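Notes for the structure review
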Amino acid sequence: MNLTKSIAAFQEAQKHIPGGVNSPVRSFGSVGGNPPFIAKAEGSKVTDIDGNEYIDYVGSWGPMILGHAHPQVVEAIQQTAALGASFGAPTETETEMAQLIKKLVPSIDMVRMVNSGTEATMSALRLARGYTGRNLVVKFEGCYHGHNDSFLIQAGSGALTFGTPNTPGVTEGTARDTLSAQFNDLVSVERLFEKYKNQIAAVILEPITGNMGVIIPEKEFITGLRKLCDENNTVLIFDEVMTGFRLGKGGAQELLGITPDLTTFGKIIGGGLPVGAYGGKQKIMDSLAPKGPVYQAGTLSGNPLAMAAGITTLKLLNEMTRFYDKLEETAALLEEGLQNNLNELQFNGVINRVGSMFTLFFTDEKSVKSFADVKKCNTALFAEYFRMSLESGIYLAPSQYEAGFVSGAHTKEDIQKTVEASYMAMKKLK
Ligand code: PMP
């Protein structure tokens, strides 16, 4: 594979941008090699500036559920741009977006748009604190909720990949207000509620995780969290930035049958443009300014271009026949192919998949259900597998601690090529 132009572009970028990238995992820091610089993308494929084409399972880390450059999304953005990019004044499309989200996610009475997933979780936490008059938040080791200070404690995703789950720059005071518990371990949460009675404002989690790889919550864990929050008047926040509108119209909460108090969104609701949102119960959302005392604002919040791309994406997801069923079928085919490879080659690994989110864990364990299990993975082996995959034109997330995403644009042929490339890579690594 010729990466001549990408190598030059990365060298130039490193002179001007820290690490050459605007988000750490893009640097391929933990897997090695030069990241391809992307020129364009269409459907299930991305093309780099040297002209190499890859089947893409990153999908911009989640937003591109319809595939890249979907014609209707492109058209919506173009038409809206011609009318002016931003006004800083109310528009009807913001109400339309709110109505759509409410229709698809029944736990949402009111919703506020922001510009990223980070802003969504940061604002939801402030709201929970303002509403309850309490300071503490419980999060789970390995879960990632963006780069707000409060959540960079035992964080997943890039923070975990780069060995900085507790980053420098977060004050001791902030760190003290964040309590860490173990995913799928209700007792670890009960202990915190006993120790900090009437002090916990919120419990936040990825209801189905993606940022330490895909982990599915056990029934008693997730129902137990709901019960604990009810008993202690604590706000239960589902961070559905990744899972929202991906694991079905109603997200992970619909799949799990649990109603959170607040939900955060991002990624898909922006159709590839910078967006986040948070919403939930009326009585909590009423605390937000200008109605209530909890302040939160944004120059570009509800931006017309982002609303156009997001609304078009959500409408298509809602209206396309059997969209999520077909997505499930494609993703199931991929899982089956990868599992067959593991079996046939007697290669140790565990595949966790929910709908179009999947992770192949390079581990000798029989299952991966907790952060402790995730940490046992062989990241060096993953890195080799990653590089071989890229060489064969398969673009995976450049870290073991991430989810892969299948889109509506992936074809059976894409899956077949991916499974074949994976077989060859596993065979060499055996
Ligand atoms: N929450 C979750 C669950 C996420 O996956 C992410 C991003 N990967 C975020 C929050 C932060 O979103 P953003 O990168 O848009 O700030």
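In the nomenclature of an unreviewed UniProt entry, the protein is known as Glutamate-1-semialdehyde 2,1-aminomutase of Mariniphaga sediminis. The protein has a UniProt comment under Pathway (unreviewed entry) that states "Porphyrin-containing compound metabolism; protoporphyrin-IX biosynthesis; 5-aminolevulinate from L-glutamyl-tRNA(Glu): step 2/2." Check the Sequence similarities (unreviewed entry) section of the UniProt entry for the protein; it says "Belongs to the class-III pyridoxal-phosphate-dependent aminotransferase family. HemL subfamily."

In the vicinity of the ligand lie 17 residues, with Ser116, Gly117, Thr118, Gly146 and Val241 positioned nearest. Looking at the shell around the ligand, its residues break down into four nonpolar, eleven polar and two charged.

This part takes up the domain arrangement of the protein. When cut into domains, the protein gives domain 1 (4-69 + 322-429) and domain 2 (71-319). Centre-to-centre separation of domain 1 and domain 2, based on C-alpha positions: 25 Å. Facing the 32 residues of domain 1 at the interface are 34 residues of domain 2. Breaking the side of domain 1 that touches domain 2 down by element, the ones donating at least two residues are α12 (323-345), β11 (350-354), β12 (357-361) and α13 (371-375). The leading source of residues in the side of domain 1 that touches domain 2 is β12, at four residues. Its residues assigned to classes, the side of domain 1 that touches domain 2 shows 18 nonpolar, eleven polar and three charged.

Let's shift gears to the environment of Thr93. Its place among the elements puts Thr93 in helix α3 (residues 92-104). Spatially, the C-alpha atom of Thr93 lies 8.2 Å from that of Gly302, the residues being 209 residues apart in sequence. Look past the residues within four positions of Thr93 in its chain and what remains in contact with it is Pro304, Met307, Ala308 and Ile311.

So, how was this worked out
Residues numbered from 1 in each chain as written. Predicted model: local features only at pLDDT ≥ 70, side-chain atom pairs only at ≥ 80, totals over all residues. UniProt positions renumbered as here; feature names shortened; annotations may be inferred. Near = placed C-beta within 6 Å. Nonpolar A, V, L, I, M, F, W, Y, C, P; charged D, E, K, R; others polar. Domains from an automatic or database assignment. Contact = placed C-beta atoms within 7 Å. Helix = DSSP H or I, 4+ residues; strand = E, 2+ residues; numbered from the N terminus.

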